[in-house]
Amino acid sequence: MVTCHPLADEGELTVLPGINEDEVADQRIISSGTCTAHGLGPVLDVLDERFGVESGFFTTVHASTSDQPSVDSWHTRSLRKGRAVANNIVPVETVAHLALAEAMPSMRGKLSGYSLRVPILLGSLLELDVQVRRTPSLKELETVFRKAAEDKFSGIITVRDDQPVSSDLIASPYSAIIDSHLLDVRDNGLVRVCFWYDNETGFCHRLEQMLFGCLAPV
């Protein structure tokens with residue numbers, strides 16, 4: 001059985017296409033993780049393989065979701081999530097880094113972050129700041145993502161140069177649309193990567209990959 005949300009029980013398999021689909025065997029329950037984890041996973045895999053990720057933080061500026069009310073009210077898990085969705089920026093916790101750690105044990109304990117829910121229906125932007133062991137040039141950083149978009153993460157990662165805004169990414173099948181204008185590198189090994197994603201469509205395409213790709217009968 002494939003679930004469309006992060007698993008609560010440790011030991012069950014979380015699958016992120018392009019990262020660990022080869023681990024699928026006779027698992028009883030498989031999680032498809034989260035839309036944010038599907039973007040973070042490939043981006044971190046590229047960074048870690050080429051430059052060595054030591055630690056980092058992320059903030060996802062995320063479209064509103066179905067559990068946010070239209071007027072201020074009570075929420076079972078979060079005081080902030082009970083605030084009206086249409087006229088607030090709402091900071092909330094995210095489990096993306098936990099889902100990521102299940103699929104990429106090498107990232108466990110290295111990353112934390114939170115979500116800023118904003119009053120739009122679709123389209124999200126994630127800012128990832130990581131400390132790396134080897135400092136790349138800005139050009140090298142951009143080049144490795146372009147190469148990954150053509151090879152290992154074709155169909156999952158892409159790079160855009162046209163300075164998009166959130167509505168430009170609606171219906172995009174990619175999980176991480178790297179914004180080349182928002183890449184940055186500091187001399188002390190601090191790297192910033194910003195990527196866009198349609199939090200619904202991108203996730204659905206990764207779920208389709210799981211169901212008809214790595215989970216399909218042979």
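The preceding data block contains the structure.
Bear in mind the structure is a predicted one, so any value in this text is a computation, not a measurement. (Residues numbered from 1 in each chain as written. Predicted model: local features only at pLDDT ≥ 70, side-chain atom pairs only at ≥ 80, totals over all residues. Heavy atoms only, no water.)

Draft legend 1. Highlighting the pairing of strand β4 (residues 53-63). Pairing of β4 with strand β7 (residues 124-132) involves eight bridges; the strand directions are antiparallel. Paired with Phe 58 across the strands is Leu 128, a residue of β7. As judged from the eight bridges shared by β4 and strand β6 (residues 111-118), these two strands associate in the parallel manner. Bridged to His 62 within β6 is Arg 117. (Pairing = 2+ DSSP bridges. Helix = DSSP H or I, 4+ residues; strand = E, 2+ residues; numbered from the N terminus.)

Draft legend 2. Structural view of helix α2 (residues 96-103). Counting buried positions along α2 gives six out of eight residues, so the element sits mostly inside the fold. Every buried residue of α2 is listed here: Ala 96, His 97, Ala 99, Leu 100, Ala 101 and Ala 103. Packed against the buried residues of α2 are β2 (13-14), α1 (35-51), β4 and β6. (Buried < 20%, exposed > 50% of the residue type's maximum accessible area, 1.4 Å probe, protein only. Contact = heavy atoms within 4.5 Å.)

Draft legend 3. Up close: α1. With 17 residues, α1 should cover 24 Å at 1.5 Å per step; its first-to-last C-alpha distance of 25 Å lies within 8% of that length. Taking burial as the measure, the 17 residues of α1 include 14 buried ones, the bulk of the element. Looking one or two residues past α1, Gly 52 carries a phi angle of roughly 80 degrees, positive in sign. (Expected span 1.5 Å × (residues − 1).)

Draft legend 4. Region of the structure containing the packing of α1 against helix α3 (residues 138-150). Running from N to C, α1 and α3 cross one another at 125 degrees; their axes reach a closest spacing of 11 Å. One way to sum up the angle between α1 and α3 is to call them oblique. Two packed elements cross with a definite hand, and for α1 against α3 that hand is right-handed. In this structure, α1 contributes Val 43, Val 46, Leu 47, Arg 50 and Phe 51 to the contact, and α3 contributes Glu 140, Leu 141, Val 144, Phe 145 and Ala 148. Taken together, the residues of the contact of α1 with α3 sort by class into eight nonpolar, no polar and two charged. (Axes fitted to C-alpha atoms, helices over the stretch in contact; angles between N-to-C directions. Parallel < 35°, antiparallel > 145°, perpendicular 65-115°, else oblique. Left-handed = near helix turned anticlockwise from the far one by under 90°. Nonpolar A, V, L, I, M, F, W, Y, C, P; charged D, E, K, R; others polar.)

Draft legend 5. The arrangement of the nonpolar core in detail. Val 43, Leu 44, Leu 47, Leu 128 and Phe 145 are the most contacted members of the largest nonpolar core, which has 41 residues in total. Considering every element that reaches this core, the biggest residue donor is α1, with eight residues. Beyond its immediate sequence surroundings of up to four residues, Leu 44 is in contact with Val 53, Leu 100, Met 104, Met 107, Leu 111, Leu 128 and Val 130. Grouped together as the second largest cluster of nonpolar side chains are five residues, Leu 125, Ile 177, Cys 194 and Trp 196 included. (Core = buried A, V, L, I, M, F, W, Y, C linked by side-chain atoms within 4.5 Å.)

Draft legend 6. Layout of unusual backbone geometry. Phi at Gln 163 takes a positive value of approximately 55 degrees, unusual for a residue other than glycine. Tracing the sequence through the fold places Gln 163 in the loop between β8 (157-160) and β9 (176-179). Look at Ala 171: it is not a glycine, yet its phi comes out positive at around 75 degrees. Here Ala 171 shows up in the loop between β8 and β9. What makes Ala 171 exposed here is its relative accessible area of 51%.

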